[in-house]
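Each chain, letter by letter, is given below.
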Amino acid sequence: MAMSMYQASVPVFQARLKSLSNVLKKAEANAEERKIDPAVFLNDRLAPDMLKLTSQVQIATDHAKGAPSRLAEREIVRFEDNETTFAELQARITRTLELLATFEPAEIDGSEDVAILIKGRTRDLSFTGIEYLQNFAMPNFYFHVTTAYNILRHNGVPLGKIDFLTP
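So, here's what we can say about the structure. (Residues numbered from 1 in each chain as written. Predicted model: local features only at pLDDT ≥ 70, side-chain atom pairs only at ≥ 80, totals over all residues. Heavy atoms only, no water.)

Once that is clear, we can look at the nonpolar core. Soluble globular proteins tend to pack their nonpolar side chains together in the buried interior. In this structure, Leu24, Leu53, Tyr132 and Leu152 are the most contacted members of the largest nonpolar core, which totals 45 residues. If you list the elements that add at least two residues to this core, you get α1 (10-34), α2 (38-42), α3 (53-71), α4 (86-100), β1 (115-119) and α6 (129-154). In terms of residue count, α6 provides more of this core than any other element does, 11 residues in total. Dropping the residues within four chain positions of it, Leu53 is found in contact with Leu24, Phe41, Leu42, Asp44, Phe86, Ala148, Ile151 and Leu152. (Core = buried A, V, L, I, M, F, W, Y, C linked by side-chain atoms within 4.5 Å. Buried < 20%, exposed > 50% of the residue type's maximum accessible area, 1.4 Å probe, protein only. Helix = DSSP H or I, 4+ residues; strand = E, 2+ residues; numbered from the N terminus. Contact = heavy atoms within 4.5 Å.)

What follows covers α4. Here α4 contains 15 residues, and its C-alpha end-to-end distance of 21 Å stays within 8% of the 21 Å for a straight helix at 1.5 Å per residue. On the buried face of α4, the contacting elements are α1, α2 and α3. (Expected span 1.5 Å × (residues − 1).)

On to the environment of Thr85. Inspection of the secondary structure assignment puts Thr85 in the loop between α3 and α4. On the basis of relative accessibility, which here comes to 31%, the residue Thr85 falls in the partly exposed class.

The next thing to look at is the packing of α3 against α6. Packing of α3 against α6 brings their axes to within 8 Å, and their N-to-C directions diverge by 160°. Between α3 and α6, the interaxial angle falls into the category roughly antiparallel. In this structure, α3 meets α6 at a crossing whose hand is left-handed. Here the residues of the contact of α3 with α6 sort into 17 nonpolar, seven polar and one charged. (Axes fitted to C-alpha atoms, helices over the stretch in contact; angles between N-to-C directions. Parallel < 35°, antiparallel > 145°, perpendicular 65-115°, else oblique. Left-handed = near helix turned anticlockwise from the far one by under 90°. Nonpolar A, V, L, I, M, F, W, Y, C, P; charged D, E, K, R; others polar.)

Moving on: the packing of aromatic side chains. Under the defined criterion, the tally for this structure stands at six aromatic pairs. Summarising the aromatic geometry, the rings of Phe13 and Phe141 are spaced 4.8 Å apart at their centres and angled 85° between planes, so their arrangement reads as edge-to-face. You can see Phe13 sitting in helix α1 and its partner Phe141 sitting in helix α6, a full 128 residues away along the chain. For the pair formed by Phe13 and Phe141, the shared burial category is buried. Their ring planes at 55° and their centres at 6.1 Å tell us that Phe127 and Tyr132 sit as a pair that is tilted. Residue classification places Phe127 among the buried residues on the basis of a relative accessible area of 16%. Among the aromatic side chains, those forming a connected cluster through ring pairs are Phe13, Phe141 and Tyr142. Here the basic side chain of Arg95 rests over the ring of Phe79, its NZ or CZ set 4.4 Å away from the ring centre. (Phe/Tyr/Trp six-rings, centres within 6.5 Å; stacked < 30°, edge-to-face > 60°. Lys NZ or Arg CZ within 6 Å of the ring centre and 35° of its normal.)

Next up on the list: the pattern of salt bridges. Inspection of every chain in the model, using the stated rule, returns eight salt bridges. Residue Glu83 is joined to Arg92 by a salt bridge in which the shortest nitrogen-to-oxygen separation is 3.2 Å. On the basis of relative accessible area, Glu83 is assigned to the buried category, the value being 6%. One salt bridge in this structure joins Arg95 and Glu83, with 3.7 Å as the shortest N-O distance. Here Glu83 lies in the loop between α3 and α4 and Arg95 lies in helix α4, a separation of 12 residues in the sequence. (Salt bridge = Lys/Arg side-chain N within 4 Å of Asp/Glu carboxyl O.)

This part takes up the environment of Ala148. The topology assignment puts Ala148 in helix α6. According to the relative accessible area criterion, Ala148 is buried, its value standing at 1%. Along the backbone, Ala148 and Gln56 are 92 residues apart, and their C-alpha atoms lie at a distance of 5.7 Å. With residues near it in sequence (within four places) discarded, Ala148 still touches Leu20, Leu53, Gln56 and Val57.

A few words on the pairing of β1. Of the two faces of β1, the one lined by Ile116 and Ile118 is fully buried and the one lined by Ala115, Leu117 and Lys119 carries no buried residue. The pairing of β1 with strand β2 (residues 124-128) spans five bridges and is antiparallel. Bridge assignment links Ile118 to a residue of β2, and that residue is Leu125. Taking the residues between adjacent antiparallel strands as the criterion, β1 and β2 are bridged by four residues. (Pairing = 2+ DSSP bridges.)

Written as structure tokens, this is what we have:
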């Protein structure tokens, strides 16, 4: 049996967001243990031209909620990008997980050929559902989750690959 579009998206987003939540919990505890202002972690970035940790989490959740919404042809729920604390980032992840729980396989399965249009700043991108999921939504989601992990790892938070992989 082939994997469904639902199985290739919603459960994957859920698992990685749970892992990201756990990574953020470890980071917050590590900041407290080392007596580091949490803002140091939350505002750090890997390179001067990259986004800070809070933005990485915001964008990861945007892809996690946007992809199934587009595939199900639902309106995308928008969140304010105003999180400045670990607690606020955790709340955003929780809201995203709650939204993901509302999707049913029947809404997303069979969306391989749904026309997806992403309006960009400089150009628009057109995809079929499967192209969008495999070549845009998932790579972007993983990029931002991985970058969040790497920012924290770079700051000395004791994380390992198992923290990234375990929901």
